[in-house]
Amino acid sequence: MKRPFSSALWLAGIMACTWIETPGAIAQQQAFAGKTIRLIVGLAPGGGFDTYSRAIARHMGRHIPGNPAIIVDNMPGAASLVSANYLYKAARPDGLTIGNFVGGIAMHELFGKPGIEFQATKFEYLGVPAQDNFMLGVAKSTGITSVERWIASGTMLKFGGVSPGGGTDDLPKVVKAVLGLPLQLVTGYKGTGPIRLAFNSGEVQGVSNSIESFNATWTNEMERGEVVIILQETVKAHPSLPNVPLAPDLAKSEEGKRLIRAQATINGVTNRLYALPPGTPKPLVETLRKAFLATLKDREFLADAKKARLDIDPIDGEGIANEVKGLFNLDRSLVAKLQEILK
C-alpha cells in the first residue's frame, strides 16, 4: 500500500534545497554587489584593445550577480607586458580585476625573454571577443598598391610597432624574414592609436594591424583610401579582402609557410586575451566566464559593437586556456627558428 504524500516532507525538501543553494548565490552577490571591477587594458587609449574593452565594460556588469560597476584602466607598456605582469604578481585574486593583454607575449615566455614575470598557463582566462586577422597596410602616398610591386621596387618602408609579442611587431618580422620584404620596424609606440598619428604625420608609412582594428579605429583612413591593405598575415582569407594575397601562399618553402602560419595563429586566435589573476576562486572564475560570454551575446552590446565597427567572434575561457597550453607544445625546431627571427 502506498503511503500518502506528505506536504510536510515536500516543504522540508524544498527548504533543504534552498538552504544548500542559497549560500553560493549569496556569496556571489557579496563578492560583487556595490563593488567596482577594474578592467586593465595593456595598451594606450584609442586603439582596438581599448575600444573593445570599453564596449564590454559598458554592458558586462548587468550579467554579473550584484551588478558591479566596471571601469577601464589603461596600463600601456611593452606590448601589454607591464599589465600582464601586474595582473600576475600584484592584482588580488578576488574577481575585481580583469586584465586585457596581448596573447603573443606568451610566446616570448617560451623564449625566456627578460622582463616576463608570469606563467601564461596559470592565468584564469575569460576568453576573447574576437579572433584577429592581421594585415599589412601601407600609405597610399607611397604609390605601392601590391606586395609584389613593393618587393620588386625595393622601396624601404618604415612600419610602426608597439613591442615584441604583439602582431604589430612579430608578424612583420616573420613575413619580412620569409618573403624578403624591404621593411624597417620602428617600435616603441604605446598602441595602434599612437601609430595612427605617426602614420598620418608621415613618420611611418605602414603598419601591421588587425582588420578588426583598422575598421574600428582607422575608419577615416580606410574610408578615404589613405591606407592600402596589401598582404593578409593570416591562415585564411578574410571575407572582405578576397583579392589580397595570403602571406603563407607567397612563401617559397614549407618551413616558411609553417613559420607564418604559427605566428598568425599566435597573434590571431589568442591575441585579445581577457584573464583573471592566478588563484582566483573557481566559482568566481565560472561566474565571470559566463558573464563575459553573455555580454558578447547581449543585444545592446551587439548594437554598440556594430556602431563601433567591432567584429565579434568569441572563444570561451576554456578554449583559450587550451590554445595557450598548445603554444608550449609547438615543435621545438619551429620555436627555435621563430626565436631567431624575433630576437
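Residues numbered from 1 in each chain as written. Predicted model: local features only at pLDDT ≥ 70, side-chain atom pairs only at ≥ 80, totals over all residues. Heavy atoms only, no water.

### Some details on the overall build of the protein chain
- Regarding its fold elements, the protein chain presents 15 helices and eleven strands.
- Summarising its shape, the C-alpha atoms of the protein chain cover approximately 95 × 45 × 45 Å along the three principal directions.
- Looking at the protein chain residue by residue over its 343 residues, the buried ones come to 52%.
- For the protein chain, the share of sequence-separated contacts (at least 6 apart) that also reach a separation of at least 24 residues comes to 79%.
- A total of about 15600 Å² of accessible surface is found on the protein chain, and carbon and sulfur atoms cover 56% of it.
- With 37 positive and 31 negative side-chain charges, the protein chain shows a spacing of 2 Å between the two charge centroids. (Helix = DSSP H or I, 4+ residues; strand = E, 2+ residues; numbered from the N terminus. Buried < 20%, exposed > 50% of the residue type's maximum accessible area, 1.4 Å probe, protein only. Contact = heavy atoms within 4.5 Å. Areas by Shrake-Rupley, 256 points an atom, 1.4 Å probe, with all protein chains shown as cover. Lys, Arg positive; Asp, Glu negative; His and termini not counted. Charge placed at Lys NZ, Arg CZ, Asp CG, Glu CD.)

### Observations concerning the sheet that holds strand β6 (residues 157–160)
- Reading across the sheet, the five strands line up as β7-β6-β8-β5-β9 and stay open at both edges, with mixed pairing between neighbours. Both outer strands of the open sheet, β7 (183–186) and β9 (227–232), are each paired with one neighbouring strand and no more. Across the sheet, the mean angle from the axis of one strand to that of its neighbour is 35°, orientation sign disregarded.
- For strand β5 (residues 134–139) and strand β8 (residues 206–210), the ladder comprises five bridges, and the chain directions are antiparallel. (Pairing = 2+ DSSP bridges. Axes fitted to C-alpha atoms, helices over the stretch in contact; angles between N-to-C directions.)

### Details of the pattern of salt bridges
- This structure, assessed with the given rule, holds 13 salt bridges.
- Notably, a salt bridge pairs Glu286 with Arg289, separated by 3.5 Å at the nearest N-O pair. You can see Glu286 and its partner Arg289 sitting in helix α12 (residues 282–297), three residues apart, about one turn around the helix.
- Residue classification places Glu286 among the partly exposed positions, given a relative accessible area of 36%. (Salt bridge = Lys/Arg side-chain N within 4 Å of Asp/Glu carboxyl O.)

### With respect to the sheet that holds strand β4 (residues 124–128)
- The six strands are arranged β2-β1-β3-β10-β4-β11 in an open sheet whose pairing can be described as mixed. The two strands at the open ends of the sheet, each matched to only one other strand, are β2 (69–74) and β11 (315–316).
- Here β4 runs beside strand β10 (residues 272–276); their pairing, made up of three bridges, is antiparallel. Residue pairing for β10: Glu124 is matched across the bridge by Leu276.
- Of the strands in this sheet, β1 (36–41), β4, β10 and β11 touch α12, which is tilted by about 5° from β4.

### Digging into α12
- Taking 1.5 Å as the rise per residue, α12 with 16 residues should run 22 Å; its terminal C-alpha atoms sit 23 Å apart, in good agreement.
- Among all positions of α12, only Leu284, Val285, Thr287, Leu288, Arg289, Ala291, Phe292, Thr295 and Leu296 are buried. (Expected span 1.5 Å × (residues − 1).)

### Quick notes on unusual backbone geometry
- For Asn67, which is not glycine, the phi torsion reads 50° and is therefore positive.
- Take Asn67: it is sitting in the loop between α2 (48–60) and β2.
- Judged by relative accessible area, which is 51%, Asn67 ranks as exposed.
- Here Ser80, not a glycine, exhibits a phi torsion of approximately 80°, which is positive.
- By the element assignment, Ser80 lies in the loop between β2 and α3 (81–89).

### Points about the confidence of the model for the protein chain
- Mean pLDDT over the protein chain stands at 91; residues scoring 70 or higher make up 92%.
- Note that pLDDT drops below 50 for residues 1–22; the model gives that stretch two contacts with residues more than four away or on any other chain. (pLDDT = per-residue confidence, 0-100.)

### Describing the packing of helix α11 (residues 254–266) against helix α15 (residues 332–342)
- Look at α11 against α15: their axes get within 11 Å of each other, and the N-to-C directions meet at 75°. Taken as axis vectors, α11 and α15 run roughly perpendicular relative to one another. Residue-level inspection shows Glu255, Arg258, Leu259, Ala262 and Gln263 of α11 in contact with α15, the latter providing Leu334, Lys337, Leu338, Ile341 and Leu342.
- When its residues are assigned to classes, the contact of α11 with α15 shows six nonpolar, one polar and three charged. (Parallel < 35°, antiparallel > 145°, perpendicular 65-115°, else oblique. Nonpolar A, V, L, I, M, F, W, Y, C, P; charged D, E, K, R; others polar.)

### Let's talk about the packing of aromatic side chains
- By the definition in use, this model includes eight aromatic pairs.
- Between Phe199 and Trp218, the aromatic rings sit 5.3 Å apart at their centres with planes inclined by 70°, giving edge-to-face as the arrangement. Here the residue Phe199 occupies a position in helix α7 (residues 192–201), and Trp218 occupies one in the loop between α8 (211–217) and α9 (219–223), the gap between them amounting to 19 residues.
- On the accessibility criterion, Trp218 (0% relative accessible area) is buried.
- Geometrically, the ring pair formed by Phe214 and Trp218 is edge-to-face, given 5.4 Å between the ring centres and 75° between the ring planes. (Phe/Tyr/Trp six-rings, centres within 6.5 Å; stacked < 30°, edge-to-face > 60°.)

### Looking at the side chain of Ser83
- Within the secondary structure, Ser83 is located in helix α3.
- For Ser83, a relative accessible area of 3% corresponds to the buried category.
- Residues contacting Ser83, with those up to four places away along its chain left out, are Ile40, Gly42, Met75, Asn100 and Phe101.

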